[in-house]
Structures are given as structure tokens and as C-alpha cells.
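# Residue-level structural notes
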Amino acid sequence: MVVIQSAEVTLAQRRTDDRLPLLSGGRYREPPLRHLWLGLQRSSWFLMVYPVVFVIYLSLGAFVFGSMEQPVERQFHLEIRNRIEKFLLKYPILPEQELDALLMDVVRATNRGVAVTRNVSSEPNWSFGQSFFFAGTVVTTIGYGHVTPLSEGGKIFCIVYALIGIPMTLMLLTALVDRLMVPSTWLLRYLNAKLGHLYQPFNIRVFHLLVIATILVVFFFLVPAGVFNMLEPDWNYLDSIYYCFISLTTIGLGDYIPGDSPNQPLRPLYKIGTTVYLLIGLVFMVLTLTVFYEIPQLNVGSVFLLKSDEYLTNASTYDSEKARIQGGPSLGGVMPSSLGSSTTSAVPFGSYGAGYGATEEELGRPSRQIVRVKSRREEDSPSPEDTTPVHARP
């Protein structure tokens with residue numbers, strides 16, 4: 001006869017304790033080591049293999065970029081050399097060495113952000129509009145690199161300014177995304193209410209992610225690309241989409257910069273408006289990534305973390321204990337109703353998402369289970385304190 005009265009086990013204890021006490025006594029047993037391979041944890045093996053995969057991916061990218069860009073580079077180089085030769089034939093008095101030195105100075109100045117080929121009417125690099133745009137690219141870590149500080153004092157100030165401005169930007173993005181998660185959660189709950197009887201929760205979450213991603217693509221890639229295509233005389237629509245993607249992903253190659261064409265009308269206002277667009281676009285980019293990471297099945301990167309091993313240990317120990325309680329011989333094959341109604345499933349790696357729209361069980365928050373198990377023999381046998389006649393008992 002086994003009697004277990006108010007045996008309480010919390011999920012928080014399973015996560016922090018390496019050993020789980022047996023419910024039938026005070027003995028402890030070690031958790032199963034099925035997630036260990038040759039003495040190393042599974043996440044460590046994944047982390048050892050992943051750099052090899054990453055290097056292969058870089059090599060593949062280098063091969064593709066090289067094969068696609070080298071012919072274009074050679075063709076462009078030939079065109080420039082032909083133009084230089086024609087120029088020297090037209091002006092034979094100018095020595096070729098002097099022309100090469102002049103071109104090197106022009107290229108060096110252009111790389112430092114001083115475009116000597118602009119018209120006199122064009123605005124300098126460090127007007128208020130241009131400086132505001134530069135400050136925005138610094139604190140958002142986009143960093144196009146087309147305009148850089150030239151003075152030593154400007155370089156020192158840029159370092160200090162970035163050290164303060166980047167954390168401020170991260171705090172602003174975090175606070176705005178936290179507010180935007182409220183309507184995003186309303187949308188997810190609405191989808192659950194309307195589609196929950198037809199689709200699995202994972203499918204609904206993926207559809208919710210697709211809705212958020214569609215808003216990002218339409219209103220921060222396609223529509224702004226059309227605006228840039230109209231305002232920039234040398235950009236086509238593909239160049240505009242390319243600029244939006246490179247900027248909002250903070251890659252910032254700097255090959256396309258809005259507002260740098262000669263005689264650009266309202267250049268300061270254009271630069272400030274572009275900075276505001278980049279900030280708002282980054283907010284929605286982070287929002288989309290947050291919704292993505294809230295889906296545990298899509299969060300592949302979590303398998304490289306140590307907490308994944310901890311979760312596997314605790315989950316496997318919990319499953320074995322639950323199976324022993326539910327199917328053990330002491331229960332006579334009868335599963336208690338308390339277990340059937342209080343089964344919880346903890347979602348691992350909850351730190352990747354804020355948990356909006358998820359239930360307490362999905363978040364894996366500490367919850368209590370009260371297991372009460374009585375044998376049938378105890379129910380059939382009268383209690384010593386029970387004086388009720390046998391024929392009157394229920």
C-alpha cells in the first residue's frame with residue numbers, strides 16, 4: 001500500500017536542482033544522461049560543429065560573390081583605363097604620372113567623405129542635416145562610412161558619443177518594442193479565438209509572425225523603396241529596396257546614400273526624414289525578430305546554449321517521474337485525476353521572448369502540482385475512527 005499525501009514538486013526546483021527526490025521516499029537519484037555524448041553535453045557538441053558549418057557558409061559566400069562580381073569589376077576597370085587613355089591622347093602635355101597622382105588624391109578625399117566632384121551649390125558634409133544623419137547612423141550602428149570625422153577632436157567625440165548613444169538607442173528600441181507587443185498580443189489572441197478550433201497553436205503563431213513580417217516588408221521596404229526611387233535620380237527600384245534592407249539590418253555598406261546627389265532639393269529636411277525612417281524601421285525590425293524568437297520551434301539557436309542541456313535534464317527527469325506515477329504497479333494502472341488535470345509543459349528558453357500571449361504553462365513559470373494517491377485497499381478498509389455501521393456507509 002502506497003500513500004502519498006500532498007507531495008509538492010515545483011518546476012522551478014526541477015530547473016535548479018540536478019537531482020529529483022523520489023516521491024515514494026527520501027532517496028535521490030541522478031538524472032538520465034541521454035543528452036550527453038562521449039562525456040560532453042549536447043550543446044557543446046553542437047557548438048563544436050557549428051563553427052565548421054559557419055566557415056563553410058562564409059566560403060560559399062566568398063565563392064559566389066567572387067564569381068559574380070569579378071567580371072563586372074574587370075569590365076569597369078577596362079572602361080576606366082580606356083577613358084584615361086583617351087584623356088591623355090586629347091591632352092598629351094599632361095604626364096600620366098601627374099594624372100595618376102591627381103586621381104589618387106581624389107579617391108583618397110572621396111573615401112574620407114570629401115566629394116570634390118560636387119557642384120559649388122551642393123551642401124557641405126557637416127551641415128546640420130548632414131550631421132544629424134551622421135549622428136543617427138552612429139547611434140544605430142548602421143555606420144555607412146561615407147562621411148567620417150576628420151579632426152582628432154571629432155574622432156574622440158565620436159567615440160564618447162557612440163558609447164553613450166548606442167545604449168540609449170537600445171533602451172529606446174526595447175521600450176518601443178515592449179509597447180508594440182501589446183497590440184501584437186491582441187492580434188495573437190484574436191487569431192487563437194478565431195482559428196484555435198481549426199489549427200494547432202504552432203500554426204497560429206507562424207501565421208501571426210507572417211502578418212507582422214508582411215507589415216514590415218510592405219511599409220518599411222516596398223513603400224519606402226518607391227519613395228527613394230522617386231527622389232533619387234540615379235536609383236532604380238531594386239537599388240532602393242537594396243538600400244532599405246542594408247540599412248534596416250544595420251549592415252550599412254554605404255554604397256547608396258540618400259540625399260547625396262548634386263543639387264538635391266531640401267537636403268537637410270530629406271536627411272532628417274531619412275533618419276526618422278531608419279529609427280522607426282529598426283523598431284519594427286526588432287519587433288519582428290521578437291515575435292520570431294517567441295516561437296520555440298523556430299528558435300534553432302537555443303540548442304547551442306547551456307540552458308538547453310539543463311532543460312533536457314530536468315524535462316527527462318520529470319517525464320520519467322510522471323510516467324512512474326501514472327503507470328506504476330502501485331497504482332493498479334489507474335491514473336489519478338489530479339495528474340490528468342494539472343499536467344504542465346514548460347517551454348524551454350523562454351528568455352528569448354517576452355512571453356506575450358502565452359499562458360503560464362507555456363512560459364514555464366513555477367507552478368505547483370499536488371499529487372494525492374490512495375490505494376483501493378485503503379478505500380475499501382474502514383478507518384479505525386469510523387464508527388458508522390457497514391450497511392450505512394456510502
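Our subject in this report is the structure included herewith. Since this is a predicted model, take the numbers as computed values, not measurements.

### Some remarks on the overall build of the protein
Check the secondary structure of the protein and you find twelve helices and six strands. A separation of at least 24 residues holds for 66% of the contacts in the protein among residues at least 6 apart in sequence. For the protein, the accessible surface area stands at approximately 25,500 Å², while carbon and sulfur atoms represent 66% of it.

### Some words on the packing of aromatic side chains
Inspection of every chain in the model, using the stated rule, returns 16 aromatic pairs. Judged by centre distance (5.8 Å) and plane angle (80°), the ring pair of Tyr242 and Tyr256 falls under edge-to-face. Highlighted residues: Tyr242 in helix α7 (residues 237–248) and Tyr256 in the loop between α7 and α8 (267–293), separated in sequence by 14 residues. The partly exposed category is assigned to Tyr242, whose relative accessible area is 29%. We classify Tyr256 as partly exposed; its relative accessible area is 23%. Centre to centre, the rings of Phe292 and Tyr293 are 5.5 Å apart; their planes meet at 75°, and the pair counts as edge-to-face. Classification of Phe292 by relative accessible area gives partly exposed; the value is 29%. Tyr293 sits in the partly exposed class, given a relative accessible area of 35%. Positioned over the ring face of Phe133 is Lys271, at 4.4 Å from the centre of the ring.

### Examining a nonpolar patch on the surface
A cluster of nonpolar residues, Ile215, Val217, Val218, Phe219, Leu222, Val223, Val227, Met230, Leu231 and Tyr237, forms a patch on the protein surface that exposes about 860 Å² of accessible area. Residue contributions to the nonpolar patch peak at nine residues, all from helix α6 (residues 201–231). Leu231 sits in the partly exposed class, given a relative accessible area of 41%.

### A word on the environment of Gln297
Positionally, Gln297 belongs in the loop between α8 and α9 (306–327). In the structure, Gln297 is positioned 95 residues away from Phe202 in sequence and 8.1 Å away in space, judged by C-alpha atoms.

### Here we look at the nonpolar core
Counting residues in hydrophobic clusters, the biggest one holds 17 residues, and the most contacted among them are Tyr243 and Leu278. Taken together, the elements giving at least two residues each to this core come down to α6, α7 and α8. Looking at which element gives the most residues to this core, the answer is α6, with five residues. Other than its neighbours up to four places away in sequence, Tyr243 contacts Phe133, Tyr144, Phe228, Trp235, Tyr256, Pro258, Thr274 and Leu278. Core analysis: the second largest hydrophobic core is formed by ten residues, Val177, Met181, Val283 and Val291 among them.

### As for unusual backbone geometry
Even without being a glycine, Thr141 presents a positive backbone phi close to 60°. With respect to the element layout, Thr141 can be found in the loop between α4 (128–139) and α5 (152–195). By relative accessible area, Thr141 is classed as partly exposed at 42%. You will see that Leu266, though not glycine, has its phi angle at about 50°, which is positive. Structurally, the position occupied by Leu266 is in the loop between α7 and α8. Here Leu266 falls in the exposed class, since its relative accessible area comes to 65%.

### Things to note about the environment of Ser131
Among the structural elements, Ser131 can be located in helix α4. For the pair Ser131 and Pro268, spaced 137 residues apart in sequence, the C-alpha separation works out to 9.2 Å. In this view, Ser131 contacts Asn125 and Trp126; residues no more than four positions away in its chain are not counted.

### Focus on the packing of α6 against α7
Where α6 meets α7, the closest approach of the two axes is 8 Å, and the angle between their N-to-C directions is 125°. Between α6 and α7, the angle is such that the two are oblique. The way α6 lies across α7 gives a crossing that is right-handed. Contact residues: α6 offers Phe220, Phe221, Leu222, Pro224, Ala225, Gly226, Phe228 and Asn229, while α7 offers Tyr237, Ser240, Ile241, Tyr243, Cys244, Phe245 and Leu248. Split by residue class, the contact of α6 with α7 holds twelve nonpolar, three polar and no charged.

### Quick look at the pattern of salt bridges
The tally for this structure, following the rule as stated, stands at two salt bridges. Linking Asp260 and Lys271 is a salt bridge whose minimum nitrogen-to-oxygen distance equals 3.0 Å. With Asp260 in the loop between α7 and α8 and Lys271 in helix α8, the pair connects residues that are eleven residues apart, well separated along the chain. Using a relative accessible area of 18% as the deciding quantity, one classes Asp260 as buried. We classify Lys271 as buried; its relative accessible area is 0%.

### Looking at α7
Each α-helix turn comprises 3.6 residues. Residues three or four places apart therefore point the same way. Counted at 1.5 Å a residue, the expected span for α7 with its twelve residues is 16 Å, and the 17 Å between its end C-alpha atoms agrees. When we look at burial in α7, the residues that qualify are Asp239, Ser240, Tyr243, Cys244, Ile246, Ser247 and Leu248. For α7, the elements touching its buried residues are α4, α6 and α8. Looking at where α7 begins, the residue whose side-chain oxygen comes 3.2 Å from the main-chain nitrogen of Leu238 is Asn236. At the C-terminal side of α7, Thr250 shows a positive phi close to 60°.

Cut-offs and rules
Residues numbered from 1 in each chain as written. Predicted model: local features only at pLDDT ≥ 70, side-chain atom pairs only at ≥ 80, totals over all residues. Heavy atoms only, no water. Helix = DSSP H or I, 4+ residues; strand = E, 2+ residues; numbered from the N terminus. Contact = heavy atoms within 4.5 Å. Areas by Shrake-Rupley, 256 points an atom, 1.4 Å probe, with all protein chains shown as cover. Phe/Tyr/Trp six-rings, centres within 6.5 Å; stacked < 30°, edge-to-face > 60°. Buried < 20%, exposed > 50% of the residue type's maximum accessible area, 1.4 Å probe, protein only. Lys NZ or Arg CZ within 6 Å of the ring centre and 35° of its normal. Patch = residues over 30% accessible without salt bridge, like charges linked within 9 Å, V, L, I, M, F, W, Y side chains within 5 Å. Salt bridge = Lys/Arg side-chain N within 4 Å of Asp/Glu carboxyl O. Core = buried A, V, L, I, M, F, W, Y, C linked by side-chain atoms within 4.5 Å. Axes fitted to C-alpha atoms, helices over the stretch in contact; angles between N-to-C directions. Parallel < 35°, antiparallel > 145°, perpendicular 65-115°, else oblique. Left-handed = near helix turned anticlockwise from the far one by under 90°. Nonpolar A, V, L, I, M, F, W, Y, C, P; charged D, E, K, R; others polar. Expected span 1.5 Å × (residues − 1). Polar contact = N/O pair within 3.5 Å; in protein donor to acceptor, adjacent residues only side chain to side chain.

From the geometry alone we can't say anything about function, so treat these as descriptive.
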